[in-house]
Amino acid sequence: MGETPPWLALARPAQLPVPGRWRQWLIVGGRGSGKTRAGAEWVSAMAAGEPPFAETPAMRIGLVAETLADAREVMIDGESGLLSVTGYRRPVFEVSRRRLVFASGAVAQIFSSEDPDALRGYQFDLAWGDELAKWVHGEASFDNLQLALRLGRDPRAIFTTTPRPIPLLKRLMADPSTVTTHMRTVDNAGNLAPGFFAAMTERYGGTRLGRQELDGEILALREDALFDLARIERERCAVPENLGRIVVAVDPPASAHQRSDACGIVAAGRGPDGTIYILADHSRRRAKPHEWARAAIGLYRQWQADRIVAEVNQGGDMVEAVIRAVEPDTPFQAVRASRGKWLRAEPVAALYERGRVRHAGRFPELEDEMADFGPDGLSGGRSPDRLDALVWAVNALAGDGSGPRIREL
């Protein structure tokens, strides 16, 4: 009794609850910034009724993640999860009932954003939502969780997330009952693997993705961006069955030194109704020709694609030669750019606007380029290598799809 909780001595100020009256505490932070640890420590303290966080235990707790697997692997079993931070008060995880039972008798039930209706019928006095900006059915899951926060004198929720410019996150930040904390990856560098932050800064420094994933910034979309990221988010889907033609598109760099452009490598497939699905982004940075060729062939084999499509403006016949040196019998189509990047990308953007292209998964670095691509290219003068590969892939599939199909037996 009367002892200072260990977390108060270890935590950075940004990892501790904001004083005052609020209903939602939103922690927006970069990767590895310590936001998950902050969420787990606060929920653990609230479940124990531990001063100065709580006077009495919060007995009914909702835990919501993108998927049930994420709830277990990150929020419960993860290095910064609830089982790791509770020490001698370690709760019991009842796997079959998908719930955590604390020593105080408090019960934390886990939910997936894939199934918002699962929250119906439950009621809580505390909730933790992790990676809110990645929730599959974000609006419905958030609304159902809010309706369930109806127990006790002061029901509260914490949301921990890496930012994305989605309406739900912006609306939550604007809510007067929300307090928001921002964290940067560098703030937690002492608890990360040596060299991690330096490596991430070298790779992503100066990019929109770096500002979002490392600095925890919620970036405004370019007003003159060619692609509508909100539409891409709304129409995101799983990989469909019965894909027809599948291609792997390659946009090779001119060189492979330290400051070289990346080699764009994107796979896409055409559905029975003509919709084109972006399937994978295996682009490589600072890759030598044999390295990006192997990556392209690997993706070709993984998806049992029909052919590899590659731009040959930079390397001419060398591009095909490098591909065939790895896999001699690979069906190969050379394409040559005769117009600028913007003009090539405009018809593809029109297909997106008509709902003819969808993303079967999440491709953060590719989508970062799409959100940042305007008439003058990417901010900072970078080359949109991933986007170039996507444009070649979509163009290869946007015809009638009647070309020959070759699949491995």
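Going by the structure above, here's the rest.
These remarks concern the structure in this document.

All right, on to the packing of aromatic side chains then. This structure, assessed with the given rule, holds ten aromatic pairs. Each ring, one from Tyr122 and one from Phe124, has its centre 6.1 Å from the other, and the planes form 10°; the classification is stacked. Relative accessible area serves as the criterion here: at 2%, Phe124 is assigned to the buried category. Chaining the aromatic ring pairs together yields one cluster made of Trp22, Trp25 and Trp42. The ring centre of Trp22 lies 4.0 Å from the NZ or CZ of Arg156, which sits over that ring.

Taken as a whole and judged by the stated rule, the model has 19 salt bridges. Asp154 is paired through a salt bridge with Arg156; the nearest N and O atoms lie 3.0 Å apart. Residue classification places Arg156 among the buried residues on the basis of a relative accessible area of 13%. Taken together, the shared-partner salt bridges in this structure form one network comprising Glu233, Arg236, Arg362 and Glu367.

As summarised here, the arrangement of the six strands in space is β13-β12-β9-β10-β11-β14, forming an open sheet in which the pairing is mixed. In this open sheet, the two edge strands, each paired with only one partner strand, are β13 (332-335) and β14 (357-359). Averaged over all adjacent pairs, the angle separating strand axes in this sheet is 25°, with direction ignored. In terms of strand pairing, strand β9 (residues 246-251) meets strand β12 (residues 307-311) through four bridges, oriented parallel. Following the sheet pairing, Val250 is matched in β12 by Ala310. Packing of helix α14 (residues 385-397) onto the sheet brings it into contact with β9, β10 (264-270), β11 (276-281), β12, β13 and β14, and relative to β10 it is tilted by some 30°.

About the criteria used
- Residues numbered from 1 in each chain as written.
- Predicted model: local features only at pLDDT ≥ 70, side-chain atom pairs only at ≥ 80, totals over all residues.
- Heavy atoms only, no water.
- Phe/Tyr/Trp six-rings, centres within 6.5 Å; stacked < 30°, edge-to-face > 60°.
- Buried < 20%, exposed > 50% of the residue type's maximum accessible area, 1.4 Å probe, protein only.
- Lys NZ or Arg CZ within 6 Å of the ring centre and 35° of its normal.
- Salt bridge = Lys/Arg side-chain N within 4 Å of Asp/Glu carboxyl O.
- Pairing = 2+ DSSP bridges.
- Helix = DSSP H or I, 4+ residues; strand = E, 2+ residues; numbered from the N terminus.
- Axes fitted to C-alpha atoms, helices over the stretch in contact; angles between N-to-C directions.
- Contact = heavy atoms within 4.5 Å.

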